[in-house]
2 protein chains.
Amino acid sequence: MRPAENAQLALLLEVSGTPKPGNVDRDRNLSDLRYEDFLVGAVGAGRGLRAAETGPVGEAFERAVEGMAERHGRNSQFGALLLLVPLVRAASEGELSPAGAERVVNDTTVADAADFYRAFEHVAVFVSDPPADVDDLDVRRGAAAIPALEDRELTLADVMALGDADDVAREWTTGFERSFRVADRVGELSGPLSARAAEAFCEQLAEHPDTLVVKKHGEEIAREASRRVADAIGSRDDIDALAMEFVRRGINPGTTADIVAAGLFIALERGVEP
Amino acid sequence: MRPAENAQLALLLEVSGTPKPGNVDRDRNLSDLRYEDFLVGAVGAGRGLRAAETGPVGEAFERAVEGMAERHGRNSQFGALLLLVPLVRAASEGELSPAGAERVVNDTTVADAADFYRAFEHVAVFVSDPPADVDDLDVRRGAAAIPALEDRELTLADVMALGDADDVAREWTTGFERSFRVADRVGELSGPLSARAAEAFCEQLAEHPDTLVVKKHGEEIAREASRRVADAIGSRDDIDALAMEFVRRGINPGTTADIVAAGLFIALERGVEP
C-alpha cells in the first residue's frame, strides 16, 4: 500500500480500537462525535494524504482537514492528520525515521505555515490562549494571522516550536519521538492491530497526561486521568468502567489518540499486519 | 464528497452495521475474514473507485479488486465493488438512476469484459460451474478466457447476462433494482447509517435467499436462512442468536451485503447522513 493508504488505514484502525477510555471507539460515541464521523473523516482526508506524498506539507494538511470536515463539519482527526502528513511525506521519500521526519519538518516554509493557519478555518479546534507576546499568531485567527506570520518569517516548524505545550506540536520538535515509540510497542503486542492500538493508547495515557484534557479540564484532572488508567491496566472491567466514567465527565484524551494513529501508520509502513 | 469517496464510505458503513447474521460486522469476525480485512479492502479499493469516475468500467473494477486484495489477499468486497463501480460512473455522469446505471451497463465493451476476467486473477472468488455450453467462459479461467470472450464479441453487459443466477450479476441486468430499493429503504429508516444498513440487510435477506449461500449450501439452506431471519426480525436477541448460529454453520449471506453496500452508496449520494 502507498503511504497515503496506510495513513488512511491507520485512522480507521485507531478509532476501531476498544476500549479507549474517554474517546470514540467502535463501541462508544460521544454526545457530539460518533464512530461514523471518524469513518467519514478518514475517507474525506484521503485527498490531502495523497497530496502529502509529493506536494507542500502545509497545503496537503489543509486539504486533508478540509476533506475530513467537508461532510460533517466536525473535528474528528485534526491532530492525527497534523502528525500523519509529515510522516506520509517522510515515508514517501523513503526515510520514515526520526531523522527523516525531522528533515521534513525543517524543510517547511512560511507558505506551509500559512496553509496550516488556513486549516483552522475549516473546523473548530480546541486550543489554549497563546502567550501574550504572540497574540497576533493565535491559530484561531485563521488566515487573518498570515500577515503576522509573514512579517516574522515563521515557517511551519517555527510555529510548531511555539506550540510545544501541546503534545502534537511537541512531536514536530522531537523527531516524532512518541509516535515512533508507539510503533515499536504495537510491533511487540499481539492480536488485531486495532486491539493493540487500544492497549497502546492506555499505556501512553498512563505515562503522559493528555494535553487536550489539560486544555479542557486543567493539569490536575489530566494527571488524575493518567493515574486512573495506570491503575486499571490489566483489568478489562476496570478499563470499561473508566471508559464510561470518562465519557460522562467529558474527559476526552484526544491527543493520545492522535499519537497512537501516527504510531499505527509507522507500524503499517513497517509491514505489521492490520 | 466525490462519488468514489461515497463508495468507499458505503463499504465502511456496510461492514460496520451490526448484527448481520452470518456476515462480518463490527462485533463479529469469521474464521478466515475479519472486520479489519474490510477496512483494508475499502482503503485499497479507493484507487479503482476513483478510476471508475472517468475511466473504463472494466479497468476500474480490476484496479479496485487488485487494491482491495493487495494487502490481505482475501475477497472482502469483490461483489460490492462489482455493483459500486458502474454506480460510481453513473453518479459521476450526473445520472444515478436505474436508467443512468443501465446506460453505463449498455456502454460496456469487450475490453471491459476482459478486465473483469483479469480481476479474478487477484483473488479467489466463490462461483458456481458455468453451463456446459459456455465452459470456455468460466470466470475461474481468469485472463485465459479472454480469447473466447473476444471470439464471441461479448461485452461486460453480455457476460453479466450469462450470470444472472447470481444476484450481483442480476443487478446489472435489471437497472440495479434491489440496490435502489435498499437506498429508498435506508432513507426511510432512522439512526446511524450503519445501523440502518444492518436492518436493511435483515429485511433483504428475509425476502431473497442469498445467492452466495445457495452456491455454498444449496437452495434449501438458503431458503431456510431467509425464513429464519424473517422470523427473527423485531427481536434483537433472536437476530443475535441467529448471527452466532449462521457463523458457526458457515452460512455467509455475502451477496445480500454487496447489495446493501450499493444501496448505501446511492443513499449517501442522495445526501442521507452517515
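This text follows the structure it describes.
Here is a short report on the structure shown in this document. None of these values were measured; they are calculated from a predicted model.

Helix and strand content of chain A: 16 helices and zero strands. Its C-alpha atoms give chain A a radius of gyration of 17 Å, near enough to 19 Å, the size a compact globule of 274 residues would have. Each principal axis of the C-alpha atoms in chain A carries an extent, and together these give about 55 × 40 × 35 Å. The buried share among the 274 residues of chain A stands at 60%. Pairs at least 24 residues apart make up 68% of the contacts formed inside chain A by residues separated by at least 6 positions. For chain A, the exposed area adds up to about 10,200 Å²; of that, 46% sits on carbon and sulfur atoms. In chain A, 30 side chains carry a positive charge and 50 a negative one; their mean positions are 4 Å apart.

What follows is about empty space enclosed by the protein. Applying the stated criterion to the full structure yields four cavities of 30 Å³ or more. If you add up the space inside the largest cavity, you get close to 70 Å³. Lining the largest cavity we find A:Gln8, A:Val43, A:Gly46, A:Arg47, A:Arg50, B:Arg2, B:Ala4, B:Glu5, B:Gln8, B:Gly46 and B:Arg50. Listed by contribution, the elements that provide at least two residues to the lining of the largest cavity are helix 3 (46-52) of chain A together with helix 1 (3-16) and helix 3 (46-52) of chain B. When its residues are assigned to classes, the lining of the largest cavity shows two nonpolar, four polar and five charged. If you add up the space inside the second largest cavity, you get close to 50 Å³.

The next thing to look at is the interface of chain A and chain B. Taken together, the contact pairs 27 residues of chain A with 27 residues of chain B. Here chain A and chain B share an interface that buries about 2,700 Å² over both sides, 52% of which is from carbon and sulfur atoms. At the junction of chain A with chain B, the criterion picks out four salt bridges. Joining chain A to chain B, the criterion identifies 16 residue pairs in polar contact (both at pLDDT 80 or more). Contributing elements (two or more residues each) for the side of chain A that touches chain B: helix 1 (3-16), helix 2 (35-44) and helix 3 of chain A. Looking at the side of chain A that touches chain B residue by residue, the classes come out as 12 nonpolar, six polar and nine charged.

Its rotation angle being 180 degrees, the transformation that places chain A on chain B also includes 0.0 Å of axial translation and leaves an RMSD of 0.0 Å. With respect to symmetry, the two chain copies, as superposed, fit the operation of a two-fold axis. Among all residues of chain A, the minimum C-alpha distance to the rotation axis is found for A:Arg26, at 3.6 Å. The share of interface residues of chain A whose copies in chain B are also at the interface is 100%, consistent with both copies meeting through the same surface.

Here we take up the environment of A:Gly191. Residue and element names in this part refer to chain A. Inspection of the secondary structure assignment puts Gly-191 in the loop between helix 11 (177-188) and helix 12 (193-207). The exposure class of Gly-191 is partly exposed, given its relative accessible area of 40%. Measuring from C-alpha to C-alpha, the distance between Gly-191 and Thr-54 comes to 33 Å, with 137 residues separating the pair along the chain.

All names here are of chain B. With respect to the helices and strands, the residue Thr-211 is situated in helix 13 (residues 211-217). By relative accessible area, which is 9% here, Thr-211 ends up buried. In contact with Thr-211, not counting residues within four places along its chain, are Ala-165, Asp-166, Asp-167 and Thr-255.

With that settled, the discussion passes to unusual backbone geometry. The step from A:Thr18 to A:Pro19 runs through a cis peptide bond, and the omega angle for that step is -5 degrees. Along the chain, A:Pro19 falls in the loop between helix 1 and helix 2. Despite not being glycine, A:Glu153 shows a phi value in the positive range, around 55 degrees. Looking at the secondary structure, you find A:Glu153 in the loop between helix 8 (146-152) and helix 9 (156-162). Although it is not a glycine, B:Phe176 sits at a positive phi angle of roughly 55 degrees. Secondary-structure assignment places B:Phe176 in the loop between helix 10 (167-173) and helix 11 (177-188). What makes B:Phe176 buried here is its relative accessible area of 0%.

Conventions adopted
- Residues numbered from 1 in each chain as written.
- Chains lettered and ligands numbered in written order.
- Predicted model: local features only at pLDDT ≥ 70, side-chain atom pairs only at ≥ 80, totals over all residues.
- Heavy atoms only, no water.
- Helix = DSSP H or I, 4+ residues; strand = E, 2+ residues; numbered from the N terminus.
- Rg over C-alpha atoms; globule rule 2.2 N^0.38 Å.
- Buried < 20%, exposed > 50% of the residue type's maximum accessible area, 1.4 Å probe, protein only.
- Contact = heavy atoms within 4.5 Å.
- Areas by Shrake-Rupley, 256 points an atom, 1.4 Å probe, with all protein chains shown as cover.
- Lys, Arg positive; Asp, Glu negative; His and termini not counted.
- Charge placed at Lys NZ, Arg CZ, Asp CG, Glu CD.
- 1 Å grid on protein atoms, 1.4 Å probe; cavity = no way out; pocket = protein on both sides within 12 Å on 5 of 7 lines; lining within 4 Å.
- Points joined across faces, edges and corners; volume = space filled by probe spheres on them.
- Nonpolar A, V, L, I, M, F, W, Y, C, P; charged D, E, K, R; others polar.
- Buried area = accessible area lost by both parts, 1.4 Å probe.
- Salt bridge = Lys/Arg side-chain N within 4 Å of Asp/Glu carboxyl O.
- Polar contact = N/O pair within 3.5 Å; in protein donor to acceptor, adjacent residues only side chain to side chain.
- Least-squares fit on C-alpha atoms with pLDDT ≥ 70 in both.

Interpretation in functional terms is not warranted from these geometric data alone.
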